[in-house]
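These are the residues of each chain, in order.
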Amino acid sequence: MKNQSIGKPLYDRVVVKPLEADTKTKGGILLPDTAKEKPQIGEVVAVGEGKLLDSGSVVPLKVKAGDKVLYGKYSGNEFTTKDGEELLIIKEEDILMIL
Amino acid sequence: MKNQSIGKPLYDRVVVKPLEADTKTKGGILLPDTAKEKPQIGEVVAVGEGKLLDSGSVVPLKVKAGDKVLYGKYSGNEFTTKDGEELLIIKEEDILMIL
Amino acid sequence: MKNQSIGKPLYDRVVVKPLEADTKTKGGILLPDTAKEKPQIGEVVAVGEGKLLDSGSVVPLKVKAGDKVLYGKYSGNEFTTKDGEELLIIKEEDILMIL
Amino acid sequence: MKNQSIGKPLYDRVVVKPLEADTKTKGGILLPDTAKEKPQIGEVVAVGEGKLLDSGSVVPLKVKAGDKVLYGKYSGNEFTTKDGEELLIIKEEDILMIL
Amino acid sequence: MKNQSIGKPLYDRVVVKPLEADTKTKGGILLPDTAKEKPQIGEVVAVGEGKLLDSGSVVPLKVKAGDKVLYGKYSGNEFTTKDGEELLIIKEEDILMIL
Amino acid sequence: MKNQSIGKPLYDRVVVKPLEADTKTKGGILLPDTAKEKPQIGEVVAVGEGKLLDSGSVVPLKVKAGDKVLYGKYSGNEFTTKDGEELLIIKEEDILMIL
Amino acid sequence: MKNQSIGKPLYDRVVVKPLEADTKTKGGILLPDTAKEKPQIGEVVAVGEGKLLDSGSVVPLKVKAGDKVLYGKYSGNEFTTKDGEELLIIKEEDILMIL
């Protein structure tokens, strides 16, 4: 995966590569049910500069490229790269947990 | 339960392990009705760093791992660990009370 | 009623014990109609530390344990203690008046 | 009417006693139509300490006990005192005008 | 019309007397269509002290008694004085233009 | 068109005269489709003093009388002057672009 | 394309020229699916001065003319120039990523 070629998400957006349910995480292993409505596991591919606050300043995101994350299944927008890679762009607030 | 292996919830999110209705709390004993819509008892397994404020600062959460809590039944996202443990990730604002 | 054993409501939440309609208040006596949609009388059993403001500070609540209060009938979440006591947890903003 | 015995409304809430449509006001006389959806006239019986601002401070209300006011007909919660007096508890923002 | 006897609107509320569609304004003449949904012309009869800001301070209104104004037809609450005068109470933000 | 006689829009409101689709703009020429839902071209006739901020201060508008603008077709309120001129009053935030 | 003749978007609005799905981006190549609901690729043609904050100040946008961007398919307002060019005007917050 050529992360640097994906592009730069804006502000608090994050590009995530959805992972198969049997993906192992660093510590315990999270295995989302096959049931609908369950959150999904993915790997962060690219992150924006940070969230734009009402004050006009920007706070950096907590997640970074390479992090495995749990996120809400129906969050964000899907798109496909020329290599056929299916990616997802979501807001950091739709990420539930860093695994 | 290997709490440290669950992962790190983001911001004001909290991982809760739902407990059986007959679980005893430290002081009095809360026994939610079996009726629908009633709040549930659970044990906090992991907590985020704190709530992100409009000012960009983060306020630490009041709940901590190990706390028994009462929370709204339909809050949050369920997921299952490889060990078959059913957990829930909710926002601290969906927790009603520390038991 | 063992108030200290009920647990600690979070932030601006308040535990209320609903009272019968014929309960006497300190001064005048409020007797809600039996009609639906009418507010109810209850006694405050436990209160949270205070409301979390956007600034991150916490303002203490106006109500305290022992206060008799008028509150909206359909506010909050009901739960039952092991002693069979039916309690309600609401936000202070759902309390209309201290009696 | 024993105002001091009614209780203390919280924050920006106000207890109002609805008045008959032929009630005279200090100056001109407002006579709401009998048509539905029209505002109503009432007398303020008790007021809260003031509105809680985002900053945590409280601004005192403009209305005070004894004021005759025009308010939206479907605002607030009705309740009845033991003396059979029908009162209404509304937020000050639902009061349109001091008569 | 006895404006001083109408009463005092609260905060950013304004009492308006609806005018006939052929009313002349100071400069050009605005003649709303008879079609529904069109704004209406009225004369300001009384104004509140000003809009209550989140900071707790109050900003005086731009409109004043005597102003002819254009306002949204379905804004506000109608009421009738004893003299049979039909008036309307709206928020200043529902006034589109001073004529 | 007697702009000075139209009246003064309040705060961030702007009076716009809709232009025919073949109107030429200063530079390139924008020709909205005849299709529904497309934005429209108009000329600004009068502008308010500025947008009222939460802080109570007012920021002047970016558009001024004489500007040709693109705006959302279904924004605002239409009205007709005595001269039969059809005008529209919208908020500046409904203006998409200065042409 | 005569960008300087398109006009000036207001505040945080951006004019985008939709690109065909086979457009190459600087690094990797993003090829949105033909499926509905997928985001689209476009080139930024003109940008506003910046987002108006609650404080009254304006923060410049991150995107600039010439950027290739990924944006939500159903965002914004379409319009057509006299040259038959189909353009779109969206808010910067509807842009997901700079490619």
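Our structure's up above, just so we're on the same page.
Residues numbered from 1 in each chain as written. Chains lettered and ligands numbered in written order. Predicted model: local features only at pLDDT ≥ 70, side-chain atom pairs only at ≥ 80, totals over all residues. Heavy atoms only, no water.

**Some thoughts on the overall build of chain A**
Helix and strand counts for chain A stand at 0 helices and 9 strands. When its helices and strands are written in sequence order, chain A yields β-β-β-β-β-β-β-β-β. Within chain A, contacts between residues at least 6 apart in sequence are counted, and of these 66% link residues at least 24 apart. (Helix = DSSP H or I, 4+ residues; strand = E, 2+ residues; numbered from the N terminus. Contact = heavy atoms within 4.5 Å.)

**Comments concerning the interface of chain D and chain E**
Interface size is often expressed as the accessible area that is lost when the parts come together. Facing the 27 residues of chain D at the interface are 23 residues of chain E. Interface area for chain D against chain E, summed over the two sides, is near 2,000 Å², with a carbon-plus-sulfur share of 58%. Linking Glu49(E) and Lys62(D) is a salt bridge whose minimum nitrogen-to-oxygen distance equals 3.3 Å. One can count 6 residue pairs in polar contact (both at pLDDT 80 or more) joining chain D with chain E. (Buried area = accessible area lost by both parts, 1.4 Å probe. Salt bridge = Lys/Arg side-chain N within 4 Å of Asp/Glu carboxyl O. Polar contact = N/O pair within 3.5 Å; in protein donor to acceptor, adjacent residues only side chain to side chain.)

**Notes on the sheet that holds strand S6 (residues 68–71) of chain B**
Pairing in this open sheet of 7 strands is antiparallel, and the strands run S7(B)-S8(B)-S2(B)-S3(B)-S6(B)-S9(B)-S1(C) from one edge to the other. Looking at the sheet topology across the chains shown, the edges are occupied by strand S7 (77–80) of chain B together with strand S1 (8–9) of chain C. With 3 bridges connecting them, S6(B) and strand S9 (residues 95–98) of chain B associate as antiparallel partners. Within S9(B), the position partnered with Val69(B) by the bridge is Ile98(B). (Pairing = 2+ DSSP bridges.)

**Description of unusual backbone geometry**
Residue and element names in this part refer to chain C. Despite not being glycine, Tyr-11 has its phi angle at roughly 50°, a positive value. Structurally, Tyr-11 is set in the loop between S1 and strand S2 (13–18). On the accessibility criterion, Tyr-11 (13% relative accessible area) is buried. (Buried < 20%, exposed > 50% of the residue type's maximum accessible area, 1.4 Å probe, protein only.)

**What about the relation of the copies chain D and chain E?**
It takes a turn of 51° to lay chain D on chain E, together with a shift of 0.0 Å along the axis; the resulting RMSD is 0.0 Å. By residue overlap, the copies meet through two different surfaces: only 7% of the interface positions of chain D are interface positions in chain E. (Least-squares fit on C-alpha atoms with pLDDT ≥ 70 in both.)

**Describing the sheet that holds strand S2 (residues 13–18) of chain E**
The sheet built from 7 strands is open, its strands ordered S7(E)-S8(E)-S2(E)-S3(E)-S6(E)-S9(E)-S1(F) with antiparallel pairing. Since the sheet does not close on itself, it has two edges, and those belong to strand S7 (77–80) of chain E together with strand S1 (8–9) of chain F, each with one partner. The sheet contact formed by S2(E) and strand S8 (residues 86–91) of chain E spans 4 bridges and is antiparallel. Note on S8(E): the bridge partner recorded for Arg13(E) is Lys91(E).

**Some points on the pattern of salt bridges**
All names here are of chain B. What the rule picks out here adds up to 21 salt bridges over all chains. Its salt-bridge partner being Asp-67, residue Lys-64 comes within 3.1 Å of it at the nearest N-O pair. A relative accessible area of 53% places Lys-64 in the exposed class.

**Thoughts on the relation of the copies chain F and chain E**
Superposing chain F onto chain E requires a rotation of 51° together with a translation of 0.0 Å along the rotation axis, leaving an RMSD of 0.0 Å. A share of only 9% of the interface residues of chain F reappears at the interface of chain E, consistent with the copies meeting through non-equivalent patches.

**What to know about the interface of chain F and chain E**
Listed by partner, the interface residues are 23 residues for chain F and 27 residues for chain E. Where chain F abuts chain E, roughly 2,000 Å² becomes buried across the two surfaces, and 58% of that area is made up of carbon and sulfur atoms. It is Leu10(F), Tyr11(F) and Lys82(F) in chain F that bury the most area against chain E; as a group they hold 27% of the surface buried on that side. Inspection of the region where chain F meets chain E yields 1 salt bridge. For the pair chain F and chain E, the interface holds 6 residue pairs in polar contact (both at pLDDT 80 or more).

**A look at a negative patch on the surface**
Together, Asp54(A), Asp54(B), Asp54(C), Asp54(D), Asp54(E), Asp54(F) and Asp54(G) make up a region of like negative charge exposed at the surface. Tracing the backbone through its elements, the reader meets Asp54(G) in the loop between strand S4 (51–52) and strand S5 (58–59). Overall, the relative accessible area of 44% leaves Asp54(G) in the partly exposed class. (Patch = residues over 30% accessible without salt bridge, like charges linked within 9 Å, V, L, I, M, F, W, Y side chains within 5 Å. Areas by Shrake-Rupley, 256 points an atom, 1.4 Å probe, with all protein chains shown as cover. Lys, Arg positive; Asp, Glu negative; His and termini not counted. Charge placed at Lys NZ, Arg CZ, Asp CG, Glu CD.)

**Digging into the environment of Pro18(A)**
Residue and element names in this part refer to chain A. With respect to the helices and strands, the residue Pro-18 is situated in strand S2 (residues 13–18). For the pair Pro-18 and Glu-43, spaced 25 residues apart in sequence, the C-alpha separation works out to 6.5 Å. If we ignore the near neighbours within four places in the chain, the residues touching Pro-18 are Ile-41, Gly-42, Tyr-71, Glu-86 and Leu-87.

**Digging into the pairing of strand S3 (residues 40–47) of chain A**
All names here are of chain A. Taken together, the 5 bridges between S2 and S3 define a ladder with antiparallel strand orientation. In the sheet register, Val-14 faces S3, and the bridge partner there is Val-47. Sheet topology places S3 next to strand S6 (residues 68–71); 4 bridges connect them, and they run antiparallel. Counted as the bridge partner of Glu-43 is Lys-68 from S6.

**Digging into the pairing of strand S8 (residues 86–91) of chain A**
All names here are of chain A. Looking at chain direction, strand S7 (residues 77–80) and S8 are connected through 4 bridges and run antiparallel. Within the sheet, the bridge partner assigned to Asn-77 lies in S8 and is Ile-89. Counting the residues in the hairpin turn of S7 and S8 gives 5 residues, including Gly-84, whose phi is positive at 85°.

**A look at the environment of Lys38(A)**
As for its placement among the helices and strands, Lys38(A) is situated in the loop between S2 and S3. Placed 33 residues apart in sequence, Lys38(A) and Tyr71(A) show a C-alpha to C-alpha distance of 9.1 Å.

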